[in-house]
Amino acid sequence: MSPPTETNADAAETNANSSETKANSSETNADAPGESEGATDAAEYAVELDGITKRFGDVVANDGVDMAVERGTVHALVGENGAGKTTLMSVLYGLYRPDEGEVRIDGDPVRFGSPRDAIDAGVGMIHQHFQLVDPMTVTQNVVLGHEPTASGLVDEASARADIESICSTYGFDVDRYLDTRVEQLGVGVQQRVEIIKSLYRGADVLILDEPTAVLTPNEVTALFDVMNQLTEQGRSLVFITHKLEEALEVADRVTVLRDGAVVGTVEADATTRGELARMMVGRDVLFERRPRETAPGHPALRVSALRVRDDRGLEQVRGVDFTVREGEVFGVAGVEGNGQSELVEAVTGLRAAESGGIEFDGDDIAGLSRRERIETGVAYVPEDRQERGIVGEYDLVRNAALGNQTIEPYADGWFLDWGAIREHADAIIDEYDVQPADSEAEARSLSGGNQQKFIVGRELERAPRLLVASHPTRGVDIGSIEFIHDRLREMRDAGVAVLLVSSKLDEVQLLSDRTAVMFEGEFVDVVDPDDVTEEQLGLMMAGETSGSGGTEAESDTEPGAVETDGEGEP
Amino acid sequence: MSGTAGGARAALDRAADRMVDATAVERFVIAVASTALALAFGAVVVAVSGYDAVEFMSALLYGAVGNLQNVAFTLRQSTMLVLAGVAVAVAFRAGVFNIGVQGQFVVGGFATTLTILFLAPHLPRGTVGGVLLMLFGTVAAVIAGGAYAAVPGVMKAYADANEVITTIMLNFIANGVVFYLIDGSLRPPGTSSPNTPSFPDYVGLPPFAFGSSSFSVIGLGVALLAVAVVYVVVARTGFGYDLVTSGYQESAAAYSGVDPKRMVVATMTFSGMIAGVCGALFAIMILGYYTDPATFPRFGFDAIAVSLLAANNPLGVVPAGLLFGGLDAGGQYIGFTLDVPAELIDGIVGIVVLFVATPELFRIAGRFGGLGGGRE
Amino acid sequence: MSASSSAADYARRNPLTVGGAALLVVVAAAFVVAFDVPLADLLTVGTLQRSLRAAMPIALAAVGGLYAEKSGVFNIGLEGFMIFGALTGAAGAWLASGGDSVGQADLWVGILAAVVVCTLLTVGFAVLTVTFEADQIVAGLAVWFLGLGFGPFTATVIWGGVSSPSLPNVDDVTVPLLADLPVVGELLFDTSPLLWITVLVVVVAWVVLYRTRYGYWVQAAGENPEALDTAGVDVNRVRYAAVVVSGALAGLGGAVLSVGIGSGFTGTGVTMVDGRGWIAIVAYLFGNYNPLGAFGASLLFGAMDMLQIQFQTIGVSLPGSIVGLFPYVAVLVVLTLVGYTRVPAAVGEPYDTEQ
């Protein structure tokens with residue numbers, strides 16, 4: 001087996017690997033992970049992933065990934081959204097079968113056909129979305145499918161005793177809630193219930209998928225205590241996260257994934273956040289930032305003290321202020337789930353704001369319906385094209401009408417002018433290079449990139465004055481990415497205000513004139529992309545305020561400042 | 001972790017999605033196969049029950065189209081089924097299960113009756129007065145039917161009350177209240193049956209070629225006109241686009257500027273207005289007075305089968321309505337002549353619906369039989 | 001959070017619900033005053049007894065329906081299965097007696113036949129909805145149409161008309177001594193054994209649902225099938241079982257209607273079931289999917305059903321056609337007010353293991 005350094009090594013990785021080597025050599029009798037030497041180290045590794053490759057169509061989600069989890073340790077798996085972390089763990093948990101490579105548990109090769117096989121082999125997974133039955137009690141959830149019975153009825157007393165013994169072994173406080181319905185518990189407790197459920201079923205290896213994403217800081221601390229208890233009792237944990245400080249705090253080793261491949265594996269106490277941040281987001285920038293030719297103009301969109309709640313009533317946007325000017329791309333970076341979706345929905349009119357102001361061209365639009373906002377000139381490239389952006393069963397002609405039902409010339413009073421819409425669809429197909437170039441093709445038969453180009457075309461051709469683009473290149477091939485980026489830049493140069501939300505850091509860096517980093521519903525900072533390193537952005541995405549960079553990049557930045565930055569290539 | 005009351009709505013939406021998840025050819029094949037299988041099943045039941053299946057089938061055919069009178073009866077039933085079927089199709093198309101077309105039809109017809117009986121003394125007698133009465137009566141039916149359908153629409157949109165159940169309850173309530181009002185207030189003194197007075201004899205549609213007292217080509221024309229209007233609305237207007245898009249994919253509709261709650265109410269109202277026209281035609285063309293709605297044919301329910309068979313396409317409702325009109329006429333003929341109970345036809349309608357609800361059955365059958373019923 | 005503030009919070013979130021409830025109280029009070037209803041005469045042991053009897057068919061179907069829906073299948077065909085049950089109950093009794101005088105034993109044969117026939121029919125329904133992923137709403141409606149058609153059809157084949165001749169009902173049984181207890185004795189120990197069966201079904205359904213592993217599985221299948229699947233239980237098998245139970249109980253409910261309280265099968269109009277299957281659905285929604293709650297709600301609807309007789313007894317003159325609508329109006333009110341009912345999250349979704 002080749003060591004992890006095979007991928008695209010830069011200084012940081014070499015550094016990481018050398019520190020890893022050092023750490024390894026300090027261990028007694030240790031081989032480098034991935035260098036399988038047969039059964040001799042079987043006892044040492046609870047889990048070994050050996051050259052795992054998983055493809056979905058043309059997309060390689062995991063590319064020859066090696067990873068080994070030592071018994072009784074926490075092994076962190078970090079990487080950006082889409083780096084392949086969850087896919088890799090789904091392979092381990094039996095949800096996917098790898099196209100290549102081998103999974104070994106306690107040194108024995110295994111082939112899991114389903115999660116049940118994994119559970120039987122002692123692998124448990126704590127999903128981001130808990131596998132709990134909300135209206136049932138904690139006890140009932142833990143024993144589900146493995147209920148002890150006495151004379152036909154579930155023996156709750158015996159179940160309770162077993163759970164209490166697990167709780168006392170690991171110092172869990174869940175025994176207080178045994179008769180409480182799961183839905184009445186906070187997510188922190190629910191998570192512990194999930195962990196107990198896995199332990200009750202005899203899990204030796206626990207995979208925790210972004211377990212801290214839903215927790216408050218106090219709950220995170222409690223979770224880390226639990227994790228330490230588990231490893232002290234000899235269980236092995238895989239901890240998926242993108243929050244670097246957490247990985248460093250709780251993990252023994254850290255494996256960094258990027259674009260489906262391992263960048264490196266390092267000892268937690270021999271690395272730094274900065275190093276991990278570089279490993280995680282650092283890459284050859286695919287596209288050069290281009291000097292811009294126009295200066296931003298008047299403020300077009302002004303958002304003040306905006307607060308938005310999600311469907312469950314939780315506040316996801318917590319007092320955000322910003323201004324987007326004509327001819328400017330305002331980028332919002334951040335790990336998904338930090339309030340970006342709710343922010344976009346509030347601006348585009350799909351979700352009512354709890355409080356705060358949304359002004360467009362000086363008019364308050366917070367009270368306008370979605371349709372009224374479309375008519376005012378707000379275009380929206382949605383993050384979920386299958387759900388919102390297109391109707392899969394419609395052909396492209398009928399999809400060209402989506403959002404244009406009241407826009408001339410496509411609408412004529414109550415009637416739709418299908419002739420004009422058909423011409424429009426053909427124009428989009430032609431202009432935006434949509435393949436196949438057939439306006440009567442069903443939208444769902446198109447590839448993701450072509451669907452996205454069609455949506456972008458439809459929204460841009462409405463001649464908007466504000467364009468909200470949310471993850472505009474998600475799941476899109478390289479060629480289409482470049483095409484869509486060029487169109488966004490053209491819009492900007494034509495004087496359109498662009499609000500760009502993306503979890504891809506390079507995309508935000510490439511297109512934005514100013515970048516806000518969103519974390520837990522707030523903007524950590526608003527920076528000038530040329531004045532900040534990816535390392536700093538990575539830290540900010542993990543919620544850490546960066547002291548340097550972008551100090552004057554607040555909403556009242558001089559237009560000239562950005563222009564100068566654009567001209568002076570870094 | 002999701003759930004709450006939105007779950008039921010989502011379930012209904014998914015159900016609606018699956019209904020329309022079939023290609024046009026597939027739908028046609030399923031429709032034809034469902035009907036053929038259901039009729040075959042009916043024949044088997046007839047045979048098992050000790051009747052003559054061949055005689056049954058030929059009598060069914062004769063009852064439907066055997067002579068001019070039977071054709072007139074078939075067309076009369078078809079007229080009603082086409083109108084009620086379009087009312088159902090509009091709602092189903094938008095993913096709203098309006099099972100209350102029967103009640104909306106009853107209320108619409110009652111509104112027509114009230115209007116005609118109330119206005120008749122105030123308008124000139126004769127053709128002009130008759131036409132005016134029929135026009136006002138129809139307008140009243142449209143308003144009443146729409147309003148009666150809007151109630152479950154509002155309950156669904158703003159209180160998340162399952163519209164299948166509310167509309168069925170409103171069917172019962174419409175029957176009971178209309179009966180109560182006729183029996184208590186409109187029955188002429190000295191009569192025993194719960195009938196309103198008859199309409200003036202200048203109110204009614206001319207029979208033209210068929211010479212039937214309860215069928216007029218004008219009635220059929222009204223039904224076809226309604227189909228055309230619905231077709232144009234669905235296919236050509238922004239409202240129709242909103243409606244159909246809501247049925248396919250509510251989130252995409254919301255993205256395009258549709259308010260989902262208002263759309264539910266608007267859809268129900270639109271559907272109920274068409275059901276109201278059906279009621280007006282029933283009162284004017286068929287009855288000429290009004291009576292206990294419990295004795296009415298269940299056009300509103302058979303219309304569900306008509307609409308499903310037509311894959312909720314307004315144009316497809318015409319052939320499906322003709323087919324079911326023929327079945328209905330044939331079934332009644334059988335009831336009179338062969339003493340095979342006419343209710344059998346209701347059962348056959350149920351089987352058609354059951355088959356249409358399970359396209360997967362035909363896909364699998366097609367795959368095994370190599371008939372190309374599979375997709376792709 | 002204190003009770004008052006949570007109540008206020010609830011009112012803020014559900015203005016329609018709270019407003020509707022208030023409106024209902026006002027209307028009821030106005031009704032009582034306007035018609036000078038002697039409330040005391042209305043609430044008698046006799047009332048309760050009649051209500052219990054009227055509640056039996058609804059409660060049985062409701063318990064069945066809640067099992068199906070708890071497991072994730074919305075059995076909207078309860079009404080249809082009740083029609084088949086009512087018909088088979090009467091027909092089974094008739095055929096068992098050879099067409100002469102129908103005896104008590106024949107009635108029990110009829111009830112058993114109804115359960116068996118409806119069980120078989122629901123197996124077919126389960127195949128379509130669970131395995132072939134038929135649209136649950138449309139398939140359920142189809143069952144209703146089938147009942148409306150084949151119920152009266154079969155009646156005509158057997159009796160020459162859509163209704164059966166008048167049949168005896170299952171006799172009441174008086175338990176010595178216990179029947180002499182005040183109130184309870186009259187209600188529970190001098191009554192139809194079918195009431196005992198109903199109560200037994202309700203209690204057993206409660207125990208199974210909340211105290212046995214099968215009950216846990218039913219709940220999980222409708223709420224989070226993936227959680228159940230990963231726990232090693234076959235979701236679709238659980239759903240099959242629950243759907244078949246729903247049909248068997250709806251059939252029993254139908255038979256109770258025809259040979260327990262209805263003196264035979266009536267096939268005119270929408271048949272003697274007359275919406276009770278739909279009411280049963282609302283009963284278990286109102287009862288929050290709890291068999292005991294569903295029984296309570298059925299009792300309410302049963303009482304509504306009996307109001308007509310009750311009003312006659314106490315001399316309040318209100319036309320029967322209007323009083324007969326009370327259950328349906330109550331359903332609308334309940335359905336609008338219980339918007340907060342927690343519908344099982346996975347209802348209506350077919351479950352594929354491969355996902």
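You'll find the structure just up there.
On a predicted model such as this, the values are computed, not experimentally measured, just so you know. (Residues numbered from 1 in each chain as written. Chains lettered and ligands numbered in written order. Predicted model: local features only at pLDDT ≥ 70, side-chain atom pairs only at ≥ 80, totals over all residues. Heavy atoms only, no water.)

(A) Region of interest: the overall build of chain A. Secondary structure assignment for chain A yields 19 helices and 24 strands. Counting over 570 residues, chain A shows a buried share of 58%. Look at the contacts in chain A between residues 6 or more apart in sequence, and 69% of them connect residues 24 or more apart. Surface exposure of chain A reaches about 22200 Å², of which carbon and sulfur atoms provide 45%. (Helix = DSSP H or I, 4+ residues; strand = E, 2+ residues; numbered from the N terminus. Buried < 20%, exposed > 50% of the residue type's maximum accessible area, 1.4 Å probe, protein only. Contact = heavy atoms within 4.5 Å. Areas by Shrake-Rupley, 256 points an atom, 1.4 Å probe, with all protein chains shown as cover.)

(B) Spotlight on the environment of Phe172 of chain A. Note that Phe172 of chain A resides in the loop between helix H5 (156-170) and helix H6 (187-200). When the C-alpha positions of Phe172 of chain A and Gln229 of chain A are compared, they lie 9.2 Å apart, and in sequence the two are 57 residues distant.

(C) Here's a closer look at the interface of chain B and chain C. Between chain B and chain C, the residue contacts involve 56 residues of the former and 51 residues of the latter. Taken over both partners, the interface formed by chain B and chain C buries close to 4600 Å², and the fraction arising from carbon and sulfur atoms is 80%. Interface area lost by chain B to chain C is led by Ile165, Met169 and Phe172 of chain B, which between them contribute 13%. Inspection of the region where chain B meets chain C yields zero salt bridges. Secondary-structure elements contributing two or more residues to the side of chain B that touches chain C are helix H1 (6-19), helix H2 (24-48), helix H6 (127-159), helix H7 (163-186), helix H12 (299-309), helix H14 (343-356) and helix H15 (359-369) of chain B. Taken together, the residues of the side of chain B that touches chain C sort by class into 40 nonpolar, 10 polar and six charged. (Buried area = accessible area lost by both parts, 1.4 Å probe. Salt bridge = Lys/Arg side-chain N within 4 Å of Asp/Glu carboxyl O. Nonpolar A, V, L, I, M, F, W, Y, C, P; charged D, E, K, R; others polar.)

(D) Geometry of the packing of aromatic side chains. Per the stated rule, a full pass over the model turns up 32 aromatic pairs over all chains. Between Tyr394 of chain A and Tyr241 of chain B, the aromatic rings sit 5.8 Å apart at their centres with planes inclined by 45°, giving tilted as the arrangement. Of this pair, Tyr394 of chain A sits in the loop between helix H12 (385-389) and helix H13 (396-400) while Tyr241 of chain B sits in helix H9 (residues 238-248), each in a different chain. Measuring from centroid to centroid gives 5.2 Å for Tyr290 of chain B and Phe296 of chain B, while their planes differ by 75°, and the two rings are edge-to-face. By the burial criterion, Tyr290 of chain B is buried, and Phe296 of chain B matches it. Connected via pairs of aromatic rings, a cluster forms that spans Phe105, Phe110, Phe282, Tyr290, Phe296 and Phe299 of chain B. Over the ring of Phe483 of chain A we find Lys453 of chain A; its NZ or CZ atom is 5.6 Å from the centre of that ring. (Phe/Tyr/Trp six-rings, centres within 6.5 Å; stacked < 30°, edge-to-face > 60°. Lys NZ or Arg CZ within 6 Å of the ring centre and 35° of its normal.)

(E) The arrangement of the environment of Thr267 of chain B in detail. Residue and element names in this part refer to chain B. If you trace the backbone, Thr267 turns up in helix H11 (residues 260-287). In this structure the C-alpha to C-alpha distance between Thr267 and Gly146, which are 121 residues apart in sequence, comes to 9.7 Å. Sequence-distant contacts of Thr267, that is, excluding residues within four places in its chain, are made with Val90, Ala91, Ala94, Val96 and Leu243.

(F) Looking closely at the sheet that holds strand S22 (residues 497-501) of chain A. Residue and element names in this part refer to chain A. Spatially, S18-S21-S22-S15-S23-S24 is the arrangement adopted by the six strands of the open sheet, whose pairing is mixed. The open sheet is flanked by strand S18 (378-381) and strand S24 (522-527), the only strands paired with a single partner. Between one strand axis and the next, the sheet turns through 20° on average, direction left out of account. Pairing analysis gives four bridges linking strand S15 (residues 329-333) to S22, with the strands arranged parallel. Opposite Val332, over in S22, you have Val501 as the bridge partner. Here helix H15 (residues 448-460) sits on the sheet in contact with S18 and strand S21 (466-470), set at roughly 175° to S18. Set on the sheet, helix H18 (residues 534-541) makes contact with strand S23 (514-519) and S24; between it and S23 the angle comes to about 35°. (Pairing = 2+ DSSP bridges. Axes fitted to C-alpha atoms, helices over the stretch in contact; angles between N-to-C directions.)

(G) Expanded view of the nonpolar core. By size, the foremost hydrophobic cluster in this structure holds 358 residues, and its most contacted members are Phe172, Ile195, Val254, Phe322 and Phe523 of chain A, Met169 of chain B together with Tyr284 of chain C. It is H11 of chain B that contributes the most residues to this core, 15 residues altogether. Aside from chain neighbours lying at most four places away, what touches Ile195 of chain A is Ile126, Phe172, Leu206, Leu208, Leu223, Val226 and Leu230 of chain A. Counting 27 residues, the second largest nonpolar core, distinct from the first, contains Ala46, Ala83, Ile119 and Ile240 of chain A. (Core = buried A, V, L, I, M, F, W, Y, C linked by side-chain atoms within 4.5 Å.)

(H) A look at the packing of helix H5 (residues 78-96) of chain C against helix H7 (residues 136-159) of chain C. Residue and element names in this part refer to chain C. Direction vectors running N to C along H5 and H7 enclose 15°, while the axes themselves pass 7 Å from each other. On the basis of the axis angle, H5 is roughly parallel to H7. As for how H5 packs across H7, the hand of that crossing is left-handed. Contacts from Glu79, Gly80, Phe81, Ile83, Phe84, Leu87, Ala90, Ala91 and Trp94 of H5 reach H7 at Val143, Trp144, Leu146, Gly147, Leu148, Phe150, Gly151, Thr154, Ala155, Ile158 and Trp159. Of the residues in the contact of H5 with H7, the class split is 15 nonpolar, four polar and one charged. (Parallel < 35°, antiparallel > 145°, perpendicular 65-115°, else oblique. Left-handed = near helix turned anticlockwise from the far one by under 90°.)

(I) Expanded view of the pattern of salt bridges. Residue and element names in this part refer to chain A. Within the structure shown, the criterion is met by 41 salt bridges over all chains. Arg104 is the partner of Asp50 in a salt bridge, and the nearest nitrogen-oxygen pair spans 3.4 Å. Here Asp50 is found in strand S1 (residues 45-56), whereas its partner Arg104 is found in strand S4 (residues 100-105), with 54 residues between them in sequence. Across this residue pair, the class does not change: Asp50 and Arg104 are buried. Residue Glu156 is joined to Arg160 by a salt bridge in which the shortest nitrogen-to-oxygen separation is 3.5 Å. In this pair, Glu156 and Arg160 are both assigned in helix H5, four residues apart and thus about one turn of the helix distant. Relative accessible area serves as the criterion here: at 18%, Glu156 is assigned to the buried category. Residue Arg160 is classed as partly exposed on the basis of its relative accessible area, which comes to 23%. In the salt-bridge network here, residues are joined through shared partners; they are Glu48, Asp50, Glu102 and Arg104.

(J) Summary view of the side chain of Lys453 of chain A. Residue and element names in this part refer to chain A. With respect to the element layout, Lys453 can be found in helix H15. On the accessibility criterion, Lys453 (7% relative accessible area) is buried. Beyond its immediate chain neighbours, meaning those up to four positions away, Lys453 contacts Tyr432, Asp433, Val434, Ser480, Phe483 and Ile484.

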